[in-house]
Amino acid sequence: MDLPESLTKGVNQKNVLYVGGISDDVTIDILRAAFIPFGNINDVILPMDHKTQKSKGFGFIDFELPEDAADALDNMHESEIFGRVIKCSIAKPIKNLNKAVWSSDDYHNEENSENSENNKNADADD
């Protein structure tokens, strides 16, 4: 899955906002217009459902400056767009984007410890 560079580079700088609870009727232009009063925007991402061709109900706004993202967060969290209350937060970094979860040693260690716990519990029940 290839994401725009603006989404992946800005996350660590805290200038990308996650916006959830978006109505199906909201477009990229509407989302941009709602957030542009808080500062310059590099990019707006509004993931679409391929089957319905409608918004998945969330989006990302990449501001030029972290201060602008903070202002937008303070003012837009739990505000209303198109009759729906939206939730805003600083976007979290994308982890293991190009890696299967089972390819890390941590995953295998967790699985092994869960299996050994289950085996101990099963032995205790016998």
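The preceding data block contains the structure.
Residues numbered from 1 in each chain as written. Predicted model: local features only at pLDDT ≥ 70, side-chain atom pairs only at ≥ 80, totals over all residues. Heavy atoms only, no water.

## Thoughts on the nonpolar core
(1) Moving on: Counting residues in each nonpolar core, the largest one holds 18 residues, and the members touching the most others are Val-19, Leu-31, Phe-35, Ile-61 and Phe-63.
(2) Moving on: Those elements giving two or more residues to this core turn out to be strand E1 (16-20), helix H2 (28-35), strand E2 (41-45), strand E3 (58-63) and helix H3 (66-76).
(3) Moving on: The greatest single-element share of this core, amounting to three residues, is contributed by H3.
(4) Moving on: Discounting residues that sit within four places of it in the chain, Phe-35 has contacts with Leu-17, Val-19, Ile-41, Ile-61, Phe-63, Ala-72, Met-76, Ile-81, Ile-86 and Cys-88. (Core = buried A, V, L, I, M, F, W, Y, C linked by side-chain atoms within 4.5 Å. Buried < 20%, exposed > 50% of the residue type's maximum accessible area, 1.4 Å probe, protein only. Helix = DSSP H or I, 4+ residues; strand = E, 2+ residues; numbered from the N terminus. Contact = heavy atoms within 4.5 Å.)

## Here's the deal with the packing of aromatic side chains
(1) Moving on: This model, assessed by the stated rule, comprises three aromatic pairs.
(2) Moving on: Ring plane angle 65 degrees and centroid distance 5.8 Å describe the contact between Tyr-18 and Phe-60, whose orientation is recorded as edge-to-face. Here Tyr-18, found in strand E1, pairs with Phe-60, found in strand E3; they are 42 residues apart in sequence, far enough to count as distant.
(3) Moving on: Judged by centre distance (6.0 Å) and plane angle (85 degrees), the rings of Phe-58 and Phe-60 are edge-to-face. (Phe/Tyr/Trp six-rings, centres within 6.5 Å; stacked < 30°, edge-to-face > 60°.)

## A look at the pattern of salt bridges
(1) Moving on: Here the structure, examined in full by the defined rule, presents one salt bridge.
(2) Moving on: Between Glu-78 and Lys-87 there is a salt bridge; the shortest N-O distance is 3.6 Å.
(3) Moving on: Under the relative-accessibility criterion, Lys-87 is labelled partly exposed at 43%. (Salt bridge = Lys/Arg side-chain N within 4 Å of Asp/Glu carboxyl O.)

## What to know about the sheet that holds E2
(1) Moving on: Pairing is antiparallel in the open sheet, where four strands are placed in the order E2-E3-E1-E6. On the outer flanks of this sheet lie E2 and strand E6 (87-90), each paired with one strand and no other. Taking the axes of each pair of neighbouring strands and ignoring which way they run, one obtains an average angle of 20 degrees across the sheet.
(2) Moving on: Examined bridge by bridge, E2 and E3 share four bridges and lie antiparallel to one another. (Pairing = 2+ DSSP bridges. Axes fitted to C-alpha atoms, helices over the stretch in contact; angles between N-to-C directions.)

Any functional reading would require information that these geometric values do not contain.
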